[in-house]
Amino acid sequence: MGSDRRAIGIGLMGLGVVGSGVARILQQKAGVYERQIGHALVIRRVLVRDPSKEREFAIDPALVTTNAADLLDDPEIELIIEVMGGEQPAYRYLRDALKANKFVVTANKELMAKHGAELLGLAREHKVDLLYEASVGGGIPIIAPLKRDLLANDIVGVTAIINGTTNYILTSMTKHGGSFHDALAAAQALGYAEPDPTNDVEGIDATYKLCILAALAFHMDVHPDQVFREGITKLAERDFRYARELGYAIKLLAMGRKQGDQVQLRVHPALVPLDQLLASVDGALNAVEIEGDLMSRVLFQGPGAGSLPTTSAVVADALDAAVSISNRVYWPLSSRREAGLRVMPMDDVRTRYYLRIGVADRPGVLASIAGALSERQISIASVIQKEVDGQDTAEIVIMTHDAREADLQRALRDIRGIAGVVDVDQVVRVNS
Ligand code: NAP
Ligand code: HSE
């Protein structure tokens, strides 16, 4: 297969936080990259919404357009880099790009989580690559290792901290105390959290990323609606204090675990034992732990967001695509799918639980709670009673042994009906 030394034309969709980084680095390191791959990478057009906006990177105004057809219909553009975000119009544009036999690099997790299987199929059909390293974990290499380096393994577990905003908030609540709202305000002031942080704090962003990882790890197509999801907004300052007393950190975990022909898929806050590596992944860092039958566990850790870390992943994909374009080859993702694998209903998941229950401070309440748990075959591992100053109420913190989710939920309904129980204020699952 021959290669030539022509320039590779790029159409850049988006010139925001990531797009500006990509444009800047492609310009700054143009010489290095050309020596590295034997071709110049040249941005031919840039798609934005508002051409009059002042930008962090001053691009030649002649390249800027608001018309996607200027990129999609240009035969000299062989590679589309999509860093706009959102489902539409990105989905439509990338379908059109692949159908026009253009290679595609994207950082868009929502798009890959919802339409990845279809878009990758389209890429195969048109003999081009669709690369998406930046869609999970920003600058952390995780997609390429799952596609290649870990392929000899049967992957049984993925446990990840894959949202920098929530990890920053949880770390701040652990280290400095304060409420969720205080920590969120600090994250917004530092530019970590979006003005509308819903996708981050409700675990939606992490769910998208888990779908992408699960598809690669377990060879199954997963839609975000199939993932059990709980956000971090209900965690209180004292949960962090009690967790530490018990020897745990609290993290928003995205978890996939294969058990026979079923896969658990869940995103929720979790108590993580302090001696586990994930417990010390702090601030805006991300980490992904992969467990396989051959290599045991490996942990990938690094900056999960930000202009330059994300640019690192996008540009690496662009260089990879450029080499394939020049050699007229493509490296399709394995289309292997494990027939018969299905998502485990959350009711059937077994895990340990941390429960914080507000009770009237009088005899017999604790015994009734223990009875309700025992009735549902849930065994208590430890109990701490905390007095609440100046009131006739106390807080009971219970750690359970492994229990089935459906049994735990039934027991909680029973506990809420016990005279003397004010409410079940907190339920957090434990990462074993
Ligand atoms: P951003 O700062 O909001 O930039 C988005 C860019 O896309 C802007 O230049 C915007 O144009 C353009 N755009 C959006 N919708 C458009 C439309 N309908 N037509 C034309 N242009 C449009 O976003 P970002 O933070 O760079 O994120 C980009 C992508 O990277 C997202 O998929 C995100 O999830 C992913 N990502 C981001 C990070 C991060 O740290 N920021 C990390 C990993 C992955 P205007 O400037 O004219 O408004
Ligand atoms: N909002 C995301 C985060 C950006 O906080 O991790 C990177 O995907």
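Residues numbered from 1 in each chain as written. Chains lettered and ligands numbered in written order. Predicted model: local features only at pLDDT ≥ 70, side-chain atom pairs only at ≥ 80, totals over all residues. Heavy atoms only, no water.

Its location among the elements puts Ile10 in strand β1 (residues 8-13). Taking the C-alpha atoms as reference points, Ile10 and Gly247, separated by 237 residues in sequence, lie 51 Å from one another. When residues no more than four places from it in sequence are discounted, the contact partners of Ile10 are Leu26, Leu41, Val42, Ile43, Arg44, Arg45, Ile77, Leu79 and Ile81. (Helix = DSSP H or I, 4+ residues; strand = E, 2+ residues; numbered from the N terminus. Contact = heavy atoms within 4.5 Å.)

Around ligand 2 sit Lys109, Asn163, Gly164, Thr165, Asp200, Asp205, Lys209, Gly304 and Ala305, and that is every residue in its neighbourhood. At 2.6 Å from an oxygen atom of ligand 2 is found a side-chain nitrogen or oxygen belonging to Lys109. Within the contact set of ligand 2, an oxygen atom lies 2.6 Å away from a side-chain nitrogen or oxygen of Thr165. Computed on the free molecule, ligand 2 has an accessible area of 260 Å², of which 81% lies beneath the protein chains in the complex. Listing elements by their share of the shell around ligand 2, those giving two or more residues are α7 (164-176) and α10 (204-218). (Near = heavy atom within 4 Å. Polar contact = N/O pair within 3.5 Å; in protein donor to acceptor, adjacent residues only side chain to side chain. Areas by Shrake-Rupley, 256 points an atom, 1.4 Å probe, with all protein chains shown as cover.)

Among the 22 residues in the neighbourhood of ligand 1, the closest are listed as Val18, Asp50, Lys53, Arg55 and Gly306. Here Val17 contributes a backbone N or O atom positioned 2.9 Å from an oxygen atom of ligand 1. Here Asp50 contributes a backbone N or O atom positioned 2.7 Å from an oxygen atom of ligand 1. For ligand 1, the accessible surface in isolation is 890 Å², of which the surrounding protein chains cover 80%.

Turning to the sheet that holds strand β2 (residues 41-47), a few remarks are in order. A sheet is described by the order of its strands in space; here six strands give the open sequence β3-β2-β1-β4-β5-β6, paired in parallel fashion. Looking at the sheet topology across the chains shown, the edges are occupied by β3 (64-65) and β6 (130-131). Bridging between β1 and β2 involves six bridges; their strand directions are parallel. Each residue of the ladder has a partner; that of Met13, found in β2, is Leu47. (Pairing = 2+ DSSP bridges.)

Quick look at the packing of helix α4 (residues 90-99) against helix α5 (residues 109-125) now. With their axes 10 Å apart at the nearest point, α4 and α5 run at an angle of 15° to one another. Here α4 is positioned roughly parallel relative to α5, judged by the angle of their axes. Of the two elements, α4 crosses α5, and the hand of that crossing is right-handed. Contacts between α4 and α5 involve Ala90, Tyr91, Leu94, Arg95, Leu98 and Lys99 from the first element and Leu111, His115, Glu118, Leu119, Leu122 and Ala123 from the second. (Axes fitted to C-alpha atoms, helices over the stretch in contact; angles between N-to-C directions. Parallel < 35°, antiparallel > 145°, perpendicular 65-115°, else oblique. Left-handed = near helix turned anticlockwise from the far one by under 90°.)

On to the pairing of strand β5 (residues 103-106), then. Side chains Phe103 and Val105 project from β5 onto one buried face, and the interleaved Val104 and Thr106 project onto a second face that is buried too. Running through α4, the crossover from strand β4 (residues 77-82) to the neighbouring parallel element β5 is right-handed. The pairing of β5 with β6 spans two bridges and is parallel. Bridging across to β6, Val105 finds its partner in Leu131. Remark: the β5/α5/β6 crossover connection has right-handed handedness. (Buried < 20%, exposed > 50% of the residue type's maximum accessible area, 1.4 Å probe, protein only. Right-handed = clockwise from strand over helix to strand, strands pointing away.)

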